[in-house]
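Fold and geometry: a report
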Amino acid sequence: MRPVKPVHVGERIKRREDPRLIRGLASYTDDMKLHGMLHAAFVRSDYPAGRIVRIDTAKARAREGVAGVFSYDDLRGQVGRSPCTAILPGMNDAPHPLLADGAVRYVGQPIAVVVAQDRYAARDAALDVEVEIDPLPAVVDVERALEPGAPRVYEQFASNLCWHQPAEANPALERLFAGAAGVVKLRLVNQRVAPVAMEGRAVLAHWDEGPQKLTVWTSTQTPHGVKQQIAICLGLPEIRIRVVAPEVGGGFGCKIPAYPEECLLPWISRRLRRPVKWAETRTENLMNTTHGRGHVEYVEAAYAADGKLLALRAKSIVEVGAYCSMLGAAIPTFTHLLACGPYTVEAVSFEILDVYTNTMATEAYRGAGRPEAAYILERVMDEIAARTGEDRVLVRRRNLIPEGAFPYTTPTGAVYDSGRYELTLDKAVGRFDYAAECRARDAARSEGRLVGIGVATFTEICGLGPSTGASALSRHGTWESAEVRVEPTGNVTVMTGVSPHGQGQETAFAQLVADAFGIGMDDVTVVHGDTDQVTHGVGTFGSRGLVVGGTALRMATDKILVKARRIAAHLLKLPEDRVRFEDGAFRGGEVALGFRDVAMAAHLWNDPVPGEEPGLEALARFEPPGTTFPFGVHFCRVEVDRETGELEIQRFVSVDDVGNVINPMLADGQRLGGIVQGLGQALCEEVRYDEGGQLQTATLMDYAMPRAAMFPRIELDSTCTPTPLNPLGAKGIGELGTIGSTPCLVSAALDALRPLGVTHLDMPLTPQRVWRAIREAAASR
Ligand code: MCN
């Protein structure tokens, strides 16, 4: 039923999204203007912990242009449970009020909201809201938070523990440890980072009293999820709510959850009968939009004399912040699930402690749990190599899951769909020219230069499905929808439930449809991000857009082709099995009917087809039967300046495998973005609170984002191992770059510094930190 030659899929086709973005013609939430629109500004907590003694809004209310000032007392009894979705059984689940309810628990927490005729009036008036807070001691350090006597974020809980997954007793693991040639012990910090999407969060809510309809424009990755949360929080039927994600300038995970503002502004709009808008400042973004990572991991790895990793014991201590965001507490379950990476580990024990601290919540951030797993494993591999004296690539090779072993079930319960890890490693070794690079490094060392080579082999998980196994995330919306409508002219509209925000799905989905129907890409319109137009959907996260959304689309086009062939056979007066669809036409013997002719006939219905309904459209939802596991190998070369500690990345090679690729240009863009984001974490990024709980990185002068000049031209290559789990044979690529690049860079830095006696570094590898490590190593020599 497929056209013989795909003409778009697999081609490097430029993104159709780009002209409007590059020319400034795209509309983001903050570009929206409605008649009578008011603007909101928040009064936020300056204290990381405290009791609210008094809130006096009188002065602010009296200001010119102010339409309303609200605090929690105004909301009491009028809103339901707010957007936090606690999904782990047995967790100490704390309610997350839309505005602080008597207590503040992190710096930046919204306490009151001022609504005024313009945003300047709103911000000025917000300064006039008097808030008296009785400060309490705060706890920021995640390990300190677990100590007896530490300040408690919630009085109602006995400790700051939010959720605990105990380590399971495993006699086999104990035996492996007892018989091992050696044990690597590491304490690893995967520091808290900020997603820093170029567009901050923004919400515009408009309650229309006539039709009793709420429309919310919001910068989100999950418009359907936001709609549900508003419905729950405000007690409205979903049919009365329309959520639109207009152009969204990046999300990287932080726009998955529904936030308090997305429920609060609708409530205010309904109350004031006026549209209300809020767009965060960059400081608000760094303070009050979810962060990522924030793990401390204690790892013990038992290995054999030949460098074989036998067993792994890990304890993950995870900052969930003061209020658990939607997925925050569940993310370390991904780290557990992927704790074997691409390696055959015989036994794993994994303890998770999710911990409340007086900080902003953590959430998914590109990779979400998988970079942490790769970081553990790659640091372990390097340590095993250092102790056994084996080559680092060889140690990894010895541990890789062999090609014939798939589908492969890990001791942690993950079912890997397909993989050819050694093939990818070979290709990467060749592309990097590992042997020559090692020789050059050694020559540089003999001249006293600090050159290092980094390597990381990794696997990751994307497009969640039931085989997500142990991970609680598997219970979070695994299906996706696509509705395809063929117009009488043969033009096609796709309504997809994914909500792309920079990934280029409008282009990729048009490629898929154009090839399915043998039409041009310009004949295909892809609609997303509007819950009134796309009736069902889950959203874009977990690199599921293509794997799950694209497969739903394929199912819908298949359904249409079945019906179209039936119609064509009827019109051609041929038995159905004599008609085939080829090169955009239904053909049988000497006769043929173009796709557009069939589309017109389906709508005109002048010659009804028995047993069929008029029209040509289909809706499909795809629930993946399992989860796909892309993989890859990264190499890099760095040189460290001994005097300044500055680290220069001189080469970076990435060879990845995501199965079939729909558009290599999109895929390369995703890999580049991911790699740079992962390197940013390794090099310079870190959200820092001081001991007292004040955010020290509240502007982009303080939060160090990576810049283009910090990177060489990144060399990309790939292997192709299709997945059997979807008809596209494709795996996700959106997060892949962040998984391997972070440990790869740290591996290179340690390689450069090991000759000086440096055996451990924590991220970010700032010049100061590297310089100190060099000095300390020299002192201890
Ligand atoms: N693709 C392809 N062939 C494949 C896999 C993907 O051609 N085998 C294409 C897809 O068609 C799509 C793009 O690559 O155009 C990414 O697809 P996919 O891997 O399905 O990822 P998602 O669409 O689900 O995007 C989510 C993913 C995640 S989880 C984060 S975080 C992330 C990322 O994408 N955030 C991003 N990439 C981002 N890119 C931008 N510009 N901005 C973000 O916020």
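The coordinates are above.
Below is a summary of the structure that appears in this document. (Residues numbered from 1 in each chain as written. Predicted model: local features only at pLDDT ≥ 70, side-chain atom pairs only at ≥ 80, totals over all residues. Heavy atoms only, no water.)

1. Looking at the nonpolar core
For soluble globular proteins, nonpolar side chains are generally found buried alongside one another. Put simply, the rule is: Among the buried residues, those of types Ala, Val, Leu, Ile, Met, Phe, Trp, Tyr and Cys that are joined through side-chain atoms within 4.5 Å form a nonpolar core. Accessibility here uses a 1.4 Å probe with only protein chains present; expressed as a share of the type maximum, an area under 20% marks a residue as buried, one over 50% as exposed, and anything in between as partly exposed. By the convention used here, residues are in contact when the closest approach between their heavy atoms is within 4.5 Å.
The biggest cluster of nonpolar side chains holds 135 residues, and the ones touching the most others in it are L312, V380, Y416, F635, L647, L745 and L753. Those residues in contact with L647, other than ones at most four positions away along the chain, are V638, E639, V640, L683, L745, A749 and L765. Core analysis: the second largest hydrophobic core is formed by 50 residues, A482, A556, V579 and I662 among them.

2. What about the packing of aromatic side chains?
To keep it simple, the criterion reads: Pairing of aromatic rings covers Phe, Tyr and the six-membered ring of Trp, with a centre-to-centre limit of 6.5 Å; geometry is then stacked below 30 degrees between planes, edge-to-face above 60, and tilted otherwise. Strands here mean DSSP runs of E at least two residues long; helices mean DSSP runs of H or I at least four residues long; both are numbered from the N terminus. Working rule: Lys NZ or Arg CZ, within 6 Å of ring centre, within 35 degrees of ring normal, means a charge sits over the ring.
This model, assessed by the stated rule, comprises 17 aromatic pairs. Ring centres of Y421 and F631 lie 4.8 Å apart, and the angle between their planes is 75°; on these two criteria the pair is classed as edge-to-face. Note that Y421 is positioned in helix 12 (residues 421-432) and F631 in strand 26 (residues 631-640), a separation of 210 residues in sequence. Residues Y421 and F631 agree in their burial class; the two are buried. Ring plane angle 35° and centroid distance 4.5 Å describe the contact between F581 and F586, whose orientation is recorded as tilted. Members of the aromatic cluster, connected to one another through ring pairs, are F406, Y408, Y416, Y421, F629 and F631. A cation over a ring is seen here: K315 above Y298, with NZ or CZ 6.0 Å from the ring centre. Directly above the aromatic system of F541 lies the positively charged group of R544, at a separation of 5.3 Å from the ring centroid.

3. Observations regarding the sheet that holds strand 4 (residues 103-104)
Put simply, the rule is: Pairing between strands requires that DSSP locate at least two bridges from one strand to the other.
Read across the open sheet, the three strands follow the order 4-2-6; overall the sheet is antiparallel. Strands with a single pairing partner mark the edges of an open sheet, and in this sheet they are strand 4 and strand 6 (130-135). Of the pairings in the sheet, the one linking strand 2 (residues 50-56) to strand 6 comprises six bridges and is antiparallel in character. Residue D56 lies in a different strand from strand 6, and its bridge partner there is E130.

4. With respect to the site of the ligand
Stated formally: Being near a molecule or strand, for a residue, means having at least one of its heavy atoms within 4 Å of it. Pairs of N or O atoms are called polar contacts if they sit within 3.5 Å, as long as, within protein, a hydrogen donor faces a hydrogen acceptor (for residues adjacent in sequence, only side-chain-to-side-chain pairs). Polar here means any residue outside two lists: the nonpolar Ala, Val, Leu, Ile, Met, Phe, Trp, Tyr, Cys and Pro, and the charged Asp, Glu, Lys and Arg; Gly therefore counts as polar.
Surveying the vicinity of the ligand reveals 31 residues, the closest of which are Q503, Q505, G545, Q670 and I733. Separating a nitrogen atom of the ligand from a side-chain N or O atom of R366 is a distance of 3.2 Å. Taking L546, its main chain carries an N or O atom lying 2.8 Å from an oxygen atom of the ligand. Among the secondary structure elements, those contributing two or more residues to the shell around the ligand are helix 14 (505-517), helix 15 (545-572) and helix 17 (664-683). Class assignment for the residues of the shell around the ligand results in ten nonpolar, 17 polar and four charged.

5. A short note on the pairing of strand 13 (residues 295-303)
Put simply, side chains in a regular strand alternate between the two faces of the sheet. The buried fraction of strand 13 is high, at seven of nine residues. Strand direction decides the pairing type here: strand 8 (residues 182-190) and strand 13, joined by nine bridges, are antiparallel. Each bridged residue has a counterpart across the sheet, and for V189 the counterpart in strand 13 is V296. Sheet topology places strand 13 next to strand 14 (residues 309-321); nine bridges connect them, and they run antiparallel. Following the sheet pairing, E297 is matched in strand 14 by S316. Count of turn residues in the strand 13/strand 14 antiparallel hairpin: five residues, of which G307 carries a positive phi of about 90°.

6. Looking at the side chain of T721
Structurally, T721 is set in the loop between strand 28 (715-719) and helix 18 (736-753). Here R420 takes part through its side chain, which lies 3.1 Å from a polar atom of the side chain of T721. Setting aside residues no more than four positions away along its own chain, T721 makes contact with S418, G419, R420, F631, D657, G659 and K731.

7. Observations regarding the state of the cysteines
Defined as follows: Cysteine sulfur pairs qualify as disulfides if the two atoms are within 2.5 Å.
Applying the stated criterion to the full structure yields zero disulfides. In this model C684 remains outside any disulfide bridge; the closest cysteine sulfur is found in C636, 15 Å from its own. Judged by its relative accessible area of 13%, C684 is buried.

8. Description of the packing of helix 17 against helix 18
Spelled out, the test is: Think of each axis as a best-fit line through the C-alpha atoms, taken over the contacting stretch in the case of a helix, with angles from 0 to 180 degrees between the N-to-C directions. Should an angle fall under 35 degrees it is taken as roughly parallel, and over 145 as roughly antiparallel, whereas 65 to 115 is taken as roughly perpendicular and any remaining angle as oblique. Left-handed describes a crossing in which the near helix is turned anticlockwise from the far one by less than a right angle; the clockwise case is right-handed.
For the pair helix 17 and helix 18, interaxial distance at closest approach is 7 Å and the crossing angle is 40°. As judged from the angle between their axes, helix 17 and helix 18 are oblique. In this structure, the crossing between helix 17 and helix 18 has a hand that is right-handed. Along its contact with helix 17, which presents R671, G674, I675, Q677, G678, L679, Q681, A682 and L683, the element helix 18 presents L736, G737, T738, S741, T742, L745 and V746. Partitioned by chemical class, the residues of the contact of helix 17 with helix 18 number seven nonpolar, eight polar and one charged.

9. Digging into helix 15
An α-helical turn contains 3.6 residues, so any two residues separated by three or four positions project in the same direction. Rule in force here: A helix is expected to span 1.5 Å for every residue after the first.
The end-to-end C-alpha distance of helix 15 is 38 Å, a good match for the 40 Å that 28 residues give at a rise of 1.5 Å each. For helix 15, the tally of buried residues reaches 21 of 28 residues, placing the bulk of the element in the interior. Positive backbone phi, at 60°, marks K573, one or two positions downstream of helix 15.

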